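Below are the chains, spelled out letter by letter.
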Amino acid sequence: QVQLVESGGGSVQPGGSLRLSCTTSGSIFNRSTMGWYRQAPGKRRELVATITKASTTNYADSVKGRFTISRDNAKNTVYLQMNSLKPEDTAVYYCNANFGLVSEYDYWGQGTQVTVYS
């Protein structure tokens, strides 16, 4: 069974920083585009950032310049460094691993809560 284990969520004040981590097995990590998504209460899950095996990154417009996604292939871990956090960043953040000819292999972590409070 594929597991993605997330850590690093928490509560911060606006302007603060958090770093999320997500680890999975090497057999999954090494073939996957890794991503972070988030879901706020009453809203749909949305893309935050992705990083390919070649470390090409993609960001939602709402987080560009504030969040940085990176991957450590030796540790099978993807990170999301979140700076200048805003209350609207409050959500459950989910790690995703995706690969396949038509991206048919799609795995999710359990989610980690990020709360930015005034």
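That block above? That's the structure.
Described in the following lines is the structure provided in the data block. Not measured: the values here are computed from a predicted model.

1. Notes on the environment of Thr52
In step 1: For Thr52, the position within the fold is in the loop between strand E5 (46-51) and strand E6 (57-59).
In step 2: You can call Thr52 partly exposed: its relative accessible area is 26%.
In step 3: Considered as a pair, Thr52 and Asn98 are 46 residues apart in the sequence and their alpha carbons are 9.4 Å apart.

2. Some remarks on the pattern of salt bridges
In step 1: Summed over all chains, the structure comprises 4 salt bridges.
In step 2: Asp89 serves as the salt-bridge partner of Arg38, at 3.0 Å between the closest nitrogen and oxygen. Highlighted residues: Arg38 in strand E4 (residues 33-39) and Asp89 in the loop between strand E8 (77-82) and strand E9 (91-99), separated in sequence by 51 residues. There is no split in this pair, since Arg38 and Asp89 are both buried.
In step 3: Note that Asp89 and Arg66 form a salt bridge whose closest N and O atoms lie 2.7 Å from each other. Of this pair, Asp89 sits in the loop between E8 and E9 while Arg66 sits in the loop between E6 and strand E7 (67-72), and the two are 23 residues apart along the sequence.

3. Some thoughts on the layout of surface pockets
In step 1: The space that makes up the largest pocket amounts to roughly 190 Å³.
In step 2: What lines the largest pocket is a set of 14 residues, among which Arg38, Ala40, Lys43, Glu46 and Glu88 lie closest to the centre.
In step 3: Looking at side-chain class alone, the lining of the largest pocket contains 3 nonpolar, 3 polar and 8 charged residues.

4. Structural notes on the sheet that holds strand E1 (residues 5-7)
In step 1: An order of E1-E3-E8-E7 is seen for the 4 strands of this open sheet, with the pairing classed as antiparallel. Strand pairing shows two members of the sheet lacking a second neighbour, E1 and E7, which therefore form its edges. Neighbour to neighbour, the strand axes of the sheet diverge by 15° on average, direction disregarded.
In step 2: Bridge count between E7 and E8: 6 bridges; the pairing is antiparallel. Residue pairing across strands places Thr68 opposite Gln81, the latter belonging to E8.

5. Description of the packing of aromatic side chains
In step 1: Enumeration over the complete set of coordinates arrives at 3 aromatic pairs.
In step 2: For the pair Tyr37 and Trp108, a centre-to-centre distance of 5.0 Å together with 65° between the ring planes defines the contact as edge-to-face. Of this pair, Tyr37 sits in strand E4 while Trp108 sits in strand E10 (residues 105-108); the two residues are 71 residues apart in sequence, bridging distant segments of the chain.
In step 3: Looking at Trp108, the relative accessible area reads 33%, which means it is partly exposed.
In step 4: With a centroid separation of 6.3 Å and 35° between ring planes, the pair formed by Phe99 and Tyr107 is classed as tilted.
In step 5: Given the relative accessible area of 23%, Tyr107 is considered partly exposed.
In step 6: One aromatic cluster in this structure is built from Phe99, Tyr105 and Tyr107.
In step 7: Across from the ring centre of Trp108, 4.6 Å away, lies the NZ or CZ of Arg45, which sits over that ring.

So, how was this worked out
Residues numbered from 1 in each chain as written. Predicted model: local features only at pLDDT ≥ 70, side-chain atom pairs only at ≥ 80, totals over all residues. Heavy atoms only, no water. Helix = DSSP H or I, 4+ residues; strand = E, 2+ residues; numbered from the N terminus. Buried < 20%, exposed > 50% of the residue type's maximum accessible area, 1.4 Å probe, protein only. Salt bridge = Lys/Arg side-chain N within 4 Å of Asp/Glu carboxyl O. 1 Å grid on protein atoms, 1.4 Å probe; cavity = no way out; pocket = protein on both sides within 12 Å on 5 of 7 lines; lining within 4 Å. Points joined across faces, edges and corners; volume = space filled by probe spheres on them. Nonpolar A, V, L, I, M, F, W, Y, C, P; charged D, E, K, R; others polar. Pairing = 2+ DSSP bridges. Axes fitted to C-alpha atoms, helices over the stretch in contact; angles between N-to-C directions. Phe/Tyr/Trp six-rings, centres within 6.5 Å; stacked < 30°, edge-to-face > 60°. Lys NZ or Arg CZ within 6 Å of the ring centre and 35° of its normal.

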